[in-house]
Every structure is written in C-alpha cells, then in structure tokens.
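Observations on the model geometry
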Amino acid sequence: MNCSFCNVALPVPLRTTFTYSVPEPMRGIVQPGSRVLVPFRKKSLVGVVVEFADAAPAGAKVREVARALDLLPALPPKLIALANWIAGYYLAPIGEVFRAMLPPLTELKTQRQVVLTPPGGEASESLSGGELSHGLTAAEVAFLARLKNKKGAVLVGPQSKLGLDVPSLQKLQRLGLIEIRESLQVKKQKTLRVIAWKAASSAGKAAPSLGEKEEKIRALLETERGPLPLPQLMRLAQAARSLIDRMLRDGLLESWEEPLDPAEDPFDAGYTPPTHELNSEQEAVLTGIRARFELGAFGVQLLHGVTGSGKTEVYLRAVQDTLARGKTAIILVPEIALTLWIGRQCRSWFGARFEGVAVLHSALSDTERAREWWRVRNGGARVVVGTRSAIFAPLENVGLIIVDEEQESSYKQEETPRYHGRDVAIVRAKMENAVALLGSATPSMETYHHAREGKYELLTLASRVADRSLASVEIVDLREEFQQTHQTSPISSKLHAGIKECLDNKTQALVLINRRGYSWSVLCRSCGASVQCVNCSISMTHHKQRNRLECHYCGSIQPIPTLCPKCQSKYVYFFGEGSEHLEERLRKEFPGARIARLDRDTARTKRQYQETLGAFAAGALDILVGTQMLAKGHDFQRVTLVGVISADSSLSLPDFRAAERTFQLLTQVAGRAGRGELPGRVLIQTFYPAHYAIQDAVKQDYPSFFERELHFRRMLAYPPFTSLANVIVRDASLEKAILWARQLSQYFSPHDGEKVRILGPAAAALARLRREHRFQFLLKSPKRSVLTKLLSGALSYCDTKEIPQTAVLVDMDPLSLL
Ligand code: ADP
Ligand code: ZN
Ligand code: ZN
C-alpha cells in the first residue's frame, strides 16, 4: 500500500476530507485513525487520518503533515467506520464527527505569532529614519522595527508586551506588512506540585514559633492529612501562595512534582455494593440475554422493566458474562449524575478482577477526561460507563452495549453532529457483532414498536423487586386548588401536607420542577410586553441569587429592569416559578427542614453532584428540590414522597412528542418513590387532569398509553410510521436567510409528492436564536433512504448556490421540532 499521501478529516464545517503528503520519517507511524497536525489555510489544525490515498489530487498543491501525534492510532478501525456511517446518515461533516469522538486535546496548546512579511521587512528598513509613510503611526513603525530586531517574529502574549493595540495589528495585517500565525505546540506533561511538612525542621532545631496560618498548614500536612497537592492545601488552609512560598524558602516545607495520576475516587470510600439473589423474573431475563450471547451475533434486545424492577442488577450480570467471554462492554446512562451510581457499582464489581472501569462524561475536567479516554484506548479498562458520547469509547472487541433509559432525549446531541446515542449504539453493536441491550420503564414509541414488530427481542420485568408495590400516584387539580384557596403558591395544600408528613416520619421527599432559575418570565402588566433576549425570540429567566436575567438559550445576561423596556411603566412583574423560587418557598414553609437544590445552576462539577446526591442518599437532607435530572434512575431508599410542581408545561408545547414526553417523565418520577421498604406516594399537580398522558401515568399503564399514542402517530403520519428530517436555514441577516430559504424551497418543491412530503419554509418555532433568523422545512417520508438522498442533493445544491454550509442545519430523526 502506498502511504505517501493520506486523506485527513479536519474539524471544519466542510463535508470533505483533505489530502496531505506524509513525509518519509513519518511513514509507518501515520496510520488510519492517527491524529496529525497539519497546516490548513493560515492555521495548524489537528485532524484524523481517514485513509491512505494513492496519489495527490491533480492540480492542487499538496502540503505536508507537520507532526504525527499518536504512536498508537487514537481511533481503532471500527470507530472510523462508525464515523463514516454517522457522517452519511446524519449528513454531518466527517471532521466534526471525529471531533465529537476524540478526547480533549490536553497535550497541545495554541500559540499565536506575529511574523514580519518580506514587504514588512522592506518597509521597516525604509521607515527606520522615523519618517512616516503608508499612513502608519509612530507606534506602528516602532513595532515593525522591533519585529525586525527580533528576527521577524514575536509571540502574541498579553497586550502590554506586544506594545500595539488590536486595531493597529489588524491594519498592519491588512497592509500585508505582518502575518498573524497560529500554531499548536506540544505541552509539557502535566504534573502536580505536592507540598509536605519538612520533618527535619521540627526535629533538629527548636521549633520556630508559628503564626496562626502557619500552624494550620503544619497541622494539615503533619498530622491531619499528610502531603497535599498545592491547590488543595491553599484551599484547605485558606492560605495564599505567597505564604506557602515563604515557608518553602524558610525550609519549613518541601515540595516535589508528581505526574497526575488517577486518584482513588473518594466517592467509593466505605462503599459495599448490595448483593442480591436474582428473583425469578430477573433470572428469566438474564437467561434470555445469555441465549443471545450464545448466538454470537448482533441483536437488539429491549428490557422493558417497571421502575424498581431491578434492571441494574441484570445489567451488571450481563456485563459480567460479557467480560467472562473475553469481551468488553459499554453502559450508557442518560445523566451525569447516574454515572456516579453505576460507575461506583461497576468499580466494585469489576474494578479489581478485570482491570478496571472507566467513566466518561462532560463534567470531568479536560485532563481527567483525556486520561480516562486514553486509559480505555490503551486497554486499561474493559468496562466504560458514561453519557451520550461514551458510545465512542475506544474499546475494542465490544460484546455488549447497554443503553439505560433508552427513551431519554439527552441521548440526542442537539448540535453538529446531531446523532442519537441510542441509534448509534445499535449501529456500533452491529459493526462489532455485539448485543445491544436497551432498558426502560417507558420505552420510546419507536423502540417499543420495533419490539412488537419482532425487529427487537422483548424481555420484560413486570413487577418491582421483593414484592414492593408501585408508588400510588394522585393528581392535584390546580384549578380546584385555586378555587378553594385563592392562593398562588407553587406548593398546593395537599403537597404541603405530604411533605409535612415526611418530615414528621423522618423520611425524605423529592420535589420536581421543570425549570431552573427564579421566575421564567418577566412581564409588563401595563403593555403586556415580556422581556426577551436581545439575541433570541425567547423570554429571559430571572435568577435571584445572581441578581440578573439570563437567556437559557444563548447565555446572554441583562440587569433586572425596574421599568418596562417598552412602555417605561413601572408595573414589571415576574411570574412562573423556577427551581430557585421553589427552594426559597420550601425553606419558608418548612423552616426546620434540611433542604438542598440540584439543577444545572447548583451542579456544574462532578464534586457538586457528588456532594448533594451523597448527602441526600446518606440521609443528611430531608427535601431535595430539582429539575428533571432528579427524575431518572436514582435509587434513594428513604424517599416516600415525590411531588411534581407542574406536569403540564411540556404538554402545551407545539410538538408531536409532547404527550410521550409527559407520560415518560411522570412515570419515571413515580419510579423514584417507594423503592426501599417504605411505600411511596406521588403527587402530580396539573391543570389538565383529563389528558390521557396524565391519566395513563397515574395508572402507570404503559401499554394503554402506547396504544393511544400509536393511533395518533399513525393518523398524523409521524414516527414510527414516517421518517422525519428537520431543516433549518439560518443567518444573522434576515434578507439572506429569506433568500436562501427561497432557493432551497425551489430545489425541494419538484420533489414534493407521494414519496416525500415537504412542509415549509415557515418561520421556525424559535424564530431567532443567538442573533440568527431561522426558517424551517419539515420533510416526511415513509422511507428514510429517500430523505437521505434528497437531502444530500440539497446540500450539494446549496454549494452551487454558494449558501454557506453552516447556514443549513439538517436534523435527521429530530426529537423536537422547536
Ligand atoms: P430499576 O433500574 O429497574 O428502577 P434498580 O436496578 O435500581 O431498579 O433496583 C431497585 C432496587 O432493588 C435496588 O435498590 C436494588 O439493589 C434492589 N434489587 C435489585 N434486585 C433485587 C433482588 N433480586 N432482590 C432484592 N432487591 C433487589
Ligand atoms: Zn410595558
Ligand atoms: Zn438568548
């Protein structure tokens, strides 16, 4: 095989790869799957070698690979094949797919350099007399002269060191006198500075008298904790860096560098996993899974098990079997918080015996994530637990892929590449000749439909373990509540009484609300205007603690208005409770209770998740308030009450999945109560008690819901009977967005017919997002291949019309049409 050229996928929004030549010394090192540093336009980028090429493309000037980053290719062959499949199916640029697959680049850093061009060199000489031409200022001339002295190149650091402001730099660049280059440099391996108390200092001489801070540091290092990493020491002792430096100089402390090493997870300390004999239902399911393994071929199984039926126990045994067969396993969970529980169980089951378990999710620091990733790639772990992107874990010889709570929308990535983690899991299982095991108490319509049609094998756990009954679910009709009390507290009197009972009985309560922040709408009572984001057509959310308004879509912030921005009236008011408000309200109503809140504002890091969830599980909290991240999967034994503040908000959305989502959420929520020996109770507050999604959730009757919903999907030609693609055309300029939407419409319209229905263009539900105007097409077809073909044609057509590729978003199998 000729390996002097290779095709490289780069992280740019272009649906193509680029050919580079491989310099002699790198041949044999650079392989398909290797990461390489290559020049691209004026930058250097890290790309992935997709394949070798026989020759350079005719005519084009081929540049050389600058550096090979891997000795062992980062991506094994099956992941390259998977990336190609994703690029084709979701019509995503291949380079962006690899970007989603690869670990964070912790071994490189970007460096900017200002370089004098040949004309710049000449200019600096001719100008050195101090005379000003080209319309240059004195500072600009001086800068050119300085560059010349520095052999024509300086690094871009902080402004002050460059001695020239950005507009001037841009001007020199425009005039062609300088060039600004970006390059990537290999970083030194990261190490950690560890500080220890120097024993000699306390032994030999008389102990020096220590100040209060120094004494604290001594106590920590000598008796309480032992040697500590510098940042941790500074935090624990609340000491400044300068103090520690001084103590080092005085010989009181010593320090050394240690490579960053996987530290033992403190979350595991003192944990012993529950060991249960499987009950007969669980046994039967496991037998079914084993029978599938015996076939040694790809297959999909759906484990439909009610909440609390002991699915995790079955997963762990299935993984154990897989490992015993010499294969590896991936477990996907829908929430970061769940990786904590399942990760811990896996570590204690498999950690020692089978060389380890890796955990991958986005709340890890880049360094930690990269380290876990490479541990997997180097064969240091054979079980991977993680969220969506863990489906790209670089394991080889995969035998089993579990997707827990397969219906969860968090498996869908809502940015390019817009893949669905569950569907990719099935494709990966097929490529690996492995078994895909989808688990759920409330399977998605698509999955259950496939199971009933016989495409997937259906396994069922119909009852909770140990004869526990499902929680009893009651509805609180908010219309009645209001008529009786004329109050607008988010906590109905029934819910209040329920929580009170928990507190009296020393059990725990979970209270769920679907939005974070304090209030999610700010409205003028005088003119009716709501305060919208300047970039998006969406209401700003009031955050009380942070004392500002925030947009949950683009992150922009605004001060809290005292006057209506539109009519200047002072009758601005806030409504719609969010989690922050609910927490405040609960503290007021239950002053003695121990309350915590878990949502994306309070839990940003792994540590924060661990602290709150750990405290709740250990019984150090009475009430936990949170968003839907609490609804899923957790197994809290002492929860006897779950309250849902408003079940309806998702029902009123203009979305064909609204009913499905509501049913799933409520059933999951109900699954959090009564999991231990104490019976559970669920209170659902709603304005639409008669809706079938709510009625069936109260009865926890999945088959009934499935039949009703399936009927509706069939009538309106929605999935699982039709494939959908959502196409968004977007631009900051309204005129351009309209023009492109029109052009695309011209391309589409001759195809509208029997095989494909094309709806639109219409203003998208979110007509403005991050300053861009958005128009939408919805494509429906009974055959997905028809959609794929039509859309790849449309994208080529966009290229010929010079519509930028970033202006057209294609969402295949969209979960939401918003
Ligand atoms: P699911 O994921 O189906 O909601 P879990 O797997 O979290 O349920 O199990 C619910 C609880 O039942 C857990 O506390 C688990 O330890 C326990 N459990 C699982 N299997 C058994 C069993 N065979 N006997 C008794 N308890 C069990
Ligand atoms: Zn107003
Ligand atoms: Zn916004």
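Please refer to the structure higher up on the page.
Summary of the structure given here. (Residues numbered from 1 in each chain as written. Chains lettered and ligands numbered in written order. Predicted model: local features only at pLDDT ≥ 70, side-chain atom pairs only at ≥ 80, totals over all residues. Heavy atoms only, no water.)

1. Some points on the overall build of the protein chain
Across its full length, the protein chain carries 25 helices and 34 strands. Scaling as 2.2 N^0.38, a compact globule of 818 residues should have a C-alpha radius of gyration of about 28 Å, and the protein chain matches this with 30 Å. Every one of the 818 residues in the protein chain was classed for burial, and the buried ones make up 52%. Long-range pairs, those at least 24 residues apart, make up 75% of the contacts in the protein chain between residues at least 6 apart in sequence. By element, 52% of the accessible surface of the protein chain is carried by carbon and sulfur atoms, the whole surface being about 37500 Å². (Helix = DSSP H or I, 4+ residues; strand = E, 2+ residues; numbered from the N terminus. Rg over C-alpha atoms; globule rule 2.2 N^0.38 Å. Buried < 20%, exposed > 50% of the residue type's maximum accessible area, 1.4 Å probe, protein only. Contact = heavy atoms within 4.5 Å. Areas by Shrake-Rupley, 256 points an atom, 1.4 Å probe, with all protein chains shown as cover.)

2. A few points about the site of ligand 1
Neighbouring residues of ligand 1: 18 residues in total, closest Glu-277, Gln-282, Gly-308, Thr-312 and Asp-635. A distance of 3.1 Å is found between an oxygen atom of ligand 1 and a backbone nitrogen or oxygen belonging to Gly-310. One of the side-chain N or O atoms of Lys-311 is found 2.9 Å from an oxygen atom in ligand 1. Burial of ligand 1 by the protein amounts to 87% of the accessible area it has alone, namely 570 Å². No other element matches helix α12 (residues 311-324), which puts three residues into the shell around ligand 1. A class-by-class count of the residues in the shell around ligand 1 yields four nonpolar, nine polar and five charged. (Near = heavy atom within 4 Å. Polar contact = N/O pair within 3.5 Å; in protein donor to acceptor, adjacent residues only side chain to side chain. Nonpolar A, V, L, I, M, F, W, Y, C, P; charged D, E, K, R; others polar.)

3. Observations concerning the sheet that holds strand β4 (residues 43-53)
Strands sit in the order β5-β2-β1-β4-β3-β6 across an open sheet of six strands; the sheet is mixed. Because the sheet does not close on itself, it has two edges, and the strands there are β5 (63-64) and β6 (67-68). Sheet topology places strand β3 (residues 35-40) next to β6; two bridges connect them, and they run antiparallel. Its bridge partner being in β6, Val-36 is matched across the sheet by Ala-68. (Pairing = 2+ DSSP bridges.)

4. Some thoughts on the pattern of salt bridges
Close approach of charged atoms allows side chains of opposite charge to pair. Under the defined criterion, the tally for this structure stands at 44 salt bridges. The residue Arg-587 makes a salt bridge to Glu-583 at a minimum N-O spacing of 2.7 Å. You can see Arg-587 and its partner Glu-583 sitting in helix α19 (residues 579-589), four residues apart, about one turn around the helix. For Arg-587, a relative accessible area of 38% corresponds to the partly exposed category. Residue Glu-583 is classed as buried on the basis of its relative accessible area of 10%. In this structure, Asp-752 engages Arg-757 in a salt bridge whose closest nitrogen and oxygen atoms are separated by 3.3 Å. Each member of the salt-bridge network shares a partner with another, and the members are Glu-446, Arg-657, Glu-660, Glu-709 and Arg-713. (Salt bridge = Lys/Arg side-chain N within 4 Å of Asp/Glu carboxyl O.)

5. A short note on the coordination of the zinc ion (ligand 2)
Around the zinc ion (ligand 2), the donor atoms from the protein are Cys-524 (SG), Cys-527 (SG), Cys-564 (SG) and Cys-567 (SG), and they sit 2.3 to 2.4 Å away. What the four donor atoms of the zinc ion (ligand 2) show is an angle range of 107 to 112 degrees at the metal, which sorts the shape as tetrahedral. Cys-524 sits in the buried class, given a relative accessible area of 3%. (Donors = N, O, S within 2.8 Å, 3.2 Å for Na, K, Ca; no water. Tetrahedral: all angles 85-135°; square planar, octahedral: opposite > 155°, others 65-115°.)

6. Observations concerning the sheet that holds strand β13 (residues 299-305)
Strands pair in a sheet through their backbones, by hydrogen bonds, and they do so in one of two ways: parallel or antiparallel. With parallel pairing, seven strands are arranged side by side in an open sheet as β15-β16-β14-β17-β18-β13-β19. Looking at strand neighbours, the two that pair on one side only are β15 (357-360) and β19 (457-461), the edges of this open sheet. Strand after strand, the sheet turns through a mean of 15 degrees between neighbouring axes, direction not considered. Inspection of the sheet shows β15 paired to strand β16 (residues 383-386) by four bridges, in the parallel sense. Each bridged residue has a counterpart across the sheet, and for Val-359 the counterpart in β16 is Val-385. Contacts from α12 reach β13, β14 (328-332), β16, β17 (398-404), β18 (435-440) and β19, with the element oriented near 170 degrees to β17. (Axes fitted to C-alpha atoms, helices over the stretch in contact; angles between N-to-C directions.)

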